[in-house]
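Here are the chains, one letter per residue:
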Amino acid sequence: MAEKLLPDHDSNHDLEKGHNTYYTRLTRRLVLLTVVCSLVPLLVAGWGINIYYARFAKSRMISSFRTELEHHRNIIELFIKERSSKLQLIAETHSKDFLTVPSNLNDIFKLINREYRSITDLGVIDSTGRHLAYVGPYDLLDKNYSETFWFKAVMNKGIYISDMFMGFRKEPHFVIAVTATHNNEKWILRATIDTEVFRSLVENVKIGETGEVFIVNQQGIYQTSPRYSGKILDSSPFPVDEFYDGIQTCIQESYTDSNSQKKIPRQIMSQAWLSEPCWKLVVKQNYAEAFSDVNLANYAVLIFLHLSAIIILVVVILITRHMICIIKKRDGEAENLNKQLVQTGKLAAIGQLSAGVAHEINNPLAIISTERQIMIDLEMQKPISDPDFKEQFCDSMAQIDIQIHRCKRITYNLLRFARRTQSVIESFDLNDFIQEVIELMEREAGSGGIKFFSHLEENLPALQSDPSQLQQVLLNIIINAIDACENTSFGTITIRTRSTKKKPGIIISIADTGSGISPDRMEKIFDPFFTTKPVGKGTGLGLSICFSTIKRLGGNITVKSTVGEGAEFEIFLPYSPPQKLLDDMKKPDRD
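Residues numbered from 1 in each chain as written. Predicted model: local features only at pLDDT ≥ 70, side-chain atom pairs only at ≥ 80, totals over all residues. Heavy atoms only, no water.

Trainee: Would you mind showing me how to read the overall build of the chain here?
Mentor: Tallying secondary structure elements over the chain gives 14 helices and 18 strands in all. A fraction of 60% describes how many contacts in the chain between residues 6 or more apart in sequence connect residues 24 or more apart. If you sum the accessible surface of the chain, you get close to 36,100 Å²; carbon and sulfur atoms cover 57% of it. (Helix = DSSP H or I, 4+ residues; strand = E, 2+ residues; numbered from the N terminus. Contact = heavy atoms within 4.5 Å. Areas by Shrake-Rupley, 256 points an atom, 1.4 Å probe, with all protein chains shown as cover.)

Next comes the structure, spelled out in structure tokens:
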């Protein structure tokens, strides 16, 4: 007996070993499959969103720099243009003899600087470069400017705005000079712009800790002092391009300053030429500082993404092991069952699947609803101060509640369809029912620029029918109408109701302004599996089910269409359902 039992013991041991190997392989496959189906899409989507957000934030930052530069350029150009216009107006409306009187010139000087002191001095110069009159803090009345660069330029051009230069003052400044004619002789009205006022207009703009704004001329000479990289009238370290219209924004890689031997970090730079004078306005900031918030957000997203992936992996392994234990237990029990219980096992599996559907869909919906209520309670305890954000918050909470109920209704309808429940005949107001359908679809249609119009006949008698099935028919036709209007710049869907005297009932008309239906397809649209939509977008069952549903409710559905102008579906429904439908409802459901 011992020799006989030994092979049986070895056989059981091998069988148990084979089962363990099978369950180990099954565990690995389940873990691998779950990881591939969950973690891979999560990581791909997360990295994709992260890359998209980084690019989007970079474009927004560059756009912000361009906007900042455009704003400062407009301010500087307006400042210079306003002073130039004032000088031209004074030269055209006052004679040289009037302005050479010191008291008159002094009154004009005070008038210009009354609201905003921006002119340092004001002088009248004849065609030989000699000062005829001067108002200002410097002793320049005896100076002759005939050999200066700006004197020759203004005599040729009529108006001239100089670069920053030292001149007789021995300090950086620039002048605006205009010419006028007196007794066929040119004379010049020249103003010196207050250097400190102009520099404060440019240099006092603060962009973070490392940002700076400055101006260079066509020779690359600083016209204002940068915040860190130099001072006024020094040469800039980077070359100056030729004049161009618009704004250029670029990323300047790190380099070593040839003068200070200091390493300059990577920077974002935006630059544009002023219209007059021909100066370049530059706004720049360290790249790391400009994108610090974006990088911090990216790091946070990536950390959260990978932590989520790790948590999912751990949960998958634990759940898989638990499932394998259950499978082992069920397999052990199944081996002892009779072949007659195979069908019962299949039915139990179907029941388990139904329970899984209820658990996997309804339980998360309940959790979402609870979390929504918690957020509302928290908001009530600590109200949101921003009214716009509070309105958006309330709208979002309301929308979450709507979508939760919608998901529950969809689950209920799906289960009803799977069980093939019988029709439920009710009496309802058709016009109110259609308004609810329109409100349900307006959001989806509105995103494509499609508008609804309703012309509902008043005082219609109550309709005896199945509102659930009728709703599915109307939704299906409206969705097809929305798809037909998808390629148009705009679209409309018009729904009408009217009573008919030929047959006791109501006609529902749904007309769209979409692409229409060609004549060769009109006879096939109610055939099963016939569709004009691309592969993956339609099954060809929608209108076929609509046709059979309306027929079952005792009605009829027709369609007329013109290619390029749209289509119109007419549904006839009797006031009362057919007797055959009422008889079928009385039969017991054997499904």
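Trainee: How do you make sense of unusual backbone geometry when you look at a structure like this?
Mentor: One can expect most non-glycine residues to show negative phi and most peptide bonds to be in trans. Glu276 connects to Pro277 through a cis peptide bond whose omega is 0°. Inspection of the secondary structure assignment puts Pro277 in the loop between strand 10 (267-273) and strand 11 (280-286). One non-glycine residue, Asn459, lies in the positive phi region at around 60°. With respect to the helices and strands, Asn459 occurs in the loop between strand 13 (450-456) and strand 14 (463-465). According to the relative accessible area criterion, Asn459 is exposed, its value standing at 76%. (Buried < 20%, exposed > 50% of the residue type's maximum accessible area, 1.4 Å probe, protein only.)

Trainee: Is there a simple way to explain the side chain of Arg190 in this structure?
Mentor: In this fold, Arg190 is placed in strand 5 (residues 185-193). Look at Arg190: it is buried, it has no salt bridge, and the nearest opposite charge is Asp121 at 4.1 Å. Excluding its chain neighbours within four sequence positions, the residues that come into contact with Arg190 are Asp121, Leu122, Gly123, Ile125, His131, Leu140, Tyr145, Trp150, Arg169, Val175, Ile176 and Ala177. (Lys, Arg positive; Asp, Glu negative; His and termini not counted. Salt bridge = Lys/Arg side-chain N within 4 Å of Asp/Glu carboxyl O.)

Trainee: Teacher, can you tell me more about a nonpolar patch on the surface here?
Mentor: Residues Tyr299, Ile303, Leu307, Ile310, Val314 and Leu318 make up a contiguous nonpolar surface patch of roughly 630 Å² in combined accessible area. Note that Ile310 resides in helix 7 (residues 292-335). Classification of Ile310 by relative accessible area gives exposed; the value is 52%. (Patch = residues over 30% accessible without salt bridge, like charges linked within 9 Å, V, L, I, M, F, W, Y side chains within 5 Å.)

Trainee: Please clarify how the nonpolar core should be interpreted in this entry.
Mentor: Counting 49 residues, the largest nonpolar core has Leu122, Leu189 and Phe198 as its most contacted members. A per-element tally of this core places helix 1 (residues 2-93) first, with ten residues. The residues contacting Leu122, other than those within four sequence positions of it, are Leu87, Leu105, Ile108, Phe109, Ile112, Ala133, Tyr134, Val135, Leu189, Arg190 and Ala191. Formed by 42 residues, the second largest nonpolar core is a distinct cluster that contains Ile438, Ile478, Ile550 and Phe569. (Core = buried A, V, L, I, M, F, W, Y, C linked by side-chain atoms within 4.5 Å.)

Trainee: What am I meant to see in the sheet that holds strand 3 (residues 159-161) here?
Mentor: What links the strands of a sheet is backbone hydrogen bonding, and the strands pair in either a parallel or an antiparallel sense. If you walk across this open sheet you meet the five strands as 2-1-5-4-3, and the pairing is antiparallel. Strands with a single pairing partner mark the edges of an open sheet, and in this sheet they are strand 2 (131-135) and strand 3. Across the sheet, the mean angle separating the axes of adjacent strands is 15° when strand polarity is ignored. Two strands pair when backbone bridges link them, and strand 1 (residues 119-126) and strand 2 are joined in this way by four bridges, in the antiparallel orientation. Pairing of Leu122 across the sheet is with Val135, part of strand 2. Packed onto the sheet, helix 4 (residues 149-157) meets strand 1, strand 3, strand 4 (175-182) and strand 5 and runs at close to 145° relative to strand 3. (Pairing = 2+ DSSP bridges. Axes fitted to C-alpha atoms, helices over the stretch in contact; angles between N-to-C directions.)

Trainee: Can you walk me through the pattern of salt bridges in this structure?
Mentor: For the coordinates displayed, the defined rule picks out ten salt bridges. Linking Arg130 and Asp126 is a salt bridge whose minimum nitrogen-to-oxygen distance equals 3.2 Å. Classification of Arg130 by relative accessible area gives partly exposed; the value is 45%. On the accessibility criterion, Asp126 (6% relative accessible area) is buried. For Glu568, the salt bridge goes to Lys560, with nearest N and O atoms at 3.8 Å. Members of the salt-bridge network, linked through shared partners, are Glu82, Arg83 and Lys86.

Trainee: Looking at this structure, how should I read the sheet that holds strand 7 (residues 247-252)?
Mentor: Reading across from one edge, 6-11-10-7 is the order of the four strands in this open sheet, with antiparallel pairing throughout. Looking along the sheet, the strands with just one partner apiece sit at the ends: strand 6 (212-216) and strand 7. On average, each strand axis in the sheet is inclined to that of its neighbour by 20°, with strand direction left out of account. Where strand 10 meets strand 11, seven bridges bridge the pair, whose relative direction is antiparallel. If you follow Gln267 over to strand 11, its bridge partner there is Asn286. Relative to strand 6, helix 5 (residues 195-203) is tilted by about 130°, and along the sheet it contacts strand 6 and strand 11.

Trainee: Teacher, can you tell me more about the confidence of the model for the chain here?
Mentor: Detailed reading of the predicted model is not advised wherever pLDDT is low. In this model, the chain carries an average pLDDT of 80, and 84% of its residues clear a pLDDT of 70 or more. A low-confidence stretch, residues 413-421 stays under pLDDT 50, and its non-local contacts, those more than four residues away or across chains, total nine contacts. (pLDDT = per-residue confidence, 0-100.)

Trainee: For this particular structure, what's the right way to read the pairing of strand 6?
Mentor: Every regular strand shows the same layout, with side chains that alternate between the two sheet faces. Across the five residues that make up strand 6, a large majority, five, are buried. What you see with strand 6 is no split at all: Glu212, Phe214 and Val216 on one side and Val213 and Ile215 on the other are buried throughout. Across five bridges, strand 6 lies against strand 11 in antiparallel orientation. Each bridged residue has a counterpart across the sheet, and for Val213 the counterpart in strand 11 is Val283.

Trainee: I'm lost on a negative patch on the surface in this one. Help?
Mentor: A contiguous patch of negative charge on the surface is contributed by Asp429, Asp432, Glu436, Glu439 and Glu442. Along the polypeptide, Glu436 turns up in helix 10 (residues 430-446). (Charge placed at Lys NZ, Arg CZ, Asp CG, Glu CD.)

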